[in-house]
Amino acid sequence: NTVVVSWSPPLNSSQCIDHYVVSIVNENTMSNKNTSNSSTTLVINQLIQGMNYSFTVTGVDRAERTGEESETARITLDVPESVIDLNFTLIDESLSLITLMITWKLMSVTLRPPVIDYHVYHNITSFDGSLVHNVTNNMTHITFTNVSRGSQYIVNVTAENIIGIG
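Of regular secondary structure, the protein chain possesses zero helices and 13 strands. Counted from the first residue to the last, the protein chain has its helices and strands arranged as β-β-β-β-β-β-β-β-β-β-β-β-β. Within the span of the protein chain, comprising 166 residues, buried residues form 34% of the whole. Restricting to contacts in the protein chain with at least 6 residues of sequence separation, those with at least 24 account for 58%. Accessible surface, the protein chain as shown: approximately 10300 Å² in total, 49% of it carbon and sulfur.

Below is the structure:
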C-alpha cells in the first residue's frame, strides 16, 4: 500500500529550497519524511488499508528555516463505496427481443482512490455467455442487446479501485 505524493514548489522559491518535509497523519500517529533534495515527489510505503491519511508539505532552506505548509491532501486507503441508483431502461422494443441499458452511480464522492473498473454480475446468458462484464474508462452504464421479453434478470454492480473491489 503505497502512495506517491507530488507537489509544485512555491513561486520564486526554487533557489531557496534545500529539501521538503512531508507530514503524514493518520488516526493514530503523525510522522515526517524528508526528501533528499528539492525533489517535488515522495513515495510513501507501508500505509494501512482502511486508514484515513492527511499529507502536508513544507519547504526547508539550507539554514533549516521552514516555509508555510501546503494545503492538506487527504486520502482513505479503502475499496470504493457501494454502487447505487441502478436504473433499467428499455432502449429498443421489437416483437420479442429488446435492448436493455443499465446505469448506476457511486454512493458518494469520497477521498478513496478513484474507481478504475466496474464489475457487472448478471444472469443474462443471451448477452454473450459471460456472467461477469467489466466496464472501464469510468463509464457508468452497460447495454445488453437481444434480451428476451418476459424473462426475469438479476444484475449487481460493484466498483473497483487500486485497493480492491467494494
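Now for a nonpolar patch on the surface. Taken together, the side chains of Y121, V132 and I165 define a hydrophobic patch exposed on the protein surface, amounting to about 230 Å² of accessible area. In this fold, Y121 is placed in strand β10 (residues 117–122). Residue classification places Y121 among the partly exposed residues on the basis of a relative accessible area of 31%.

This part takes up the environment of E68. Examined against the element boundaries, E68 turns out to sit in strand β6 (residues 66–69). Apart from residues lying up to four places away in sequence, E68 is in contact with V57 and T58.

To continue, consider the nonpolar core. Among the nonpolar cores identified, the biggest contains 17 residues, and W7, V22, I44, L47, Y53 and F55 are the most heavily contacted of them. Elements represented by at least two residues in this core include exactly β1 (3–6), β2 (17–25), β4 (41–44) and β5 (52–61). Apart from residues no more than four positions distant in its own chain, L47 is found in contact with N1, V3, Y53, F55 and L77.

The next subject is the packing of aromatic side chains. Applying the stated criterion across every chain yields a total of three aromatic pairs. A centroid spacing of 5.4 Å and a plane angle of 65° characterise the contact between W104 and Y118, whose relative ring orientation is edge-to-face. Residue W104 is located in strand β9 (residues 97–106), and its partner Y118 is located in strand β10; the two are separated by 14 residues in the primary sequence. When its relative accessible area of 4% is taken as the criterion, W104 is described as buried. Look at Y118 and you get buried, because its relative accessible area is 5%.

This part covers the pairing of β2. Along β2, seven of the nine residues are buried, which leaves the element largely enclosed by surrounding structure. Where β2 lies against β5, eight bridges are found, and the strand directions are antiparallel. Directly across from V25, in β5, lies its bridge partner S54. Where β2 meets strand β3 (residues 30–34), five bridges bridge the pair, whose relative direction is antiparallel. When the bridges of β3 are listed, I24 appears paired with S31.

Bringing the environment of M107 into the picture now. Here M107 shows up in the loop between β9 and β10. Taking the C-alpha atoms as reference points, M107 and E81, separated by 26 residues in sequence, lie 6.1 Å from one another. With near-sequence residues (within four places) excluded, M107 lies in contact with E81, S82 and I84.

The next thing to look at is unusual backbone geometry. The residue Q46 is not glycine, and still its phi comes out positive at about 60°. Among the structural elements, Q46 can be located in the loop between β4 and β5. We note that E64 has phi near 70°; this positive angle belongs to a residue other than glycine. By secondary structure assignment, the location of E64 is in the loop between β5 and β6. Residue classification places E64 among the exposed residues on the basis of a relative accessible area of 52%.

Rules of the game
- Residues numbered from 1 in each chain as written.
- Predicted model: local features only at pLDDT ≥ 70, side-chain atom pairs only at ≥ 80, totals over all residues.
- Heavy atoms only, no water.
- Helix = DSSP H or I, 4+ residues; strand = E, 2+ residues; numbered from the N terminus.
- Buried < 20%, exposed > 50% of the residue type's maximum accessible area, 1.4 Å probe, protein only.
- Contact = heavy atoms within 4.5 Å.
- Areas by Shrake-Rupley, 256 points an atom, 1.4 Å probe, with all protein chains shown as cover.
- Patch = residues over 30% accessible without salt bridge, like charges linked within 9 Å, V, L, I, M, F, W, Y side chains within 5 Å.
- Salt bridge = Lys/Arg side-chain N within 4 Å of Asp/Glu carboxyl O.
- Core = buried A, V, L, I, M, F, W, Y, C linked by side-chain atoms within 4.5 Å.
- Phe/Tyr/Trp six-rings, centres within 6.5 Å; stacked < 30°, edge-to-face > 60°.
- Pairing = 2+ DSSP bridges.

What is shown is where atoms sit, not what they do.
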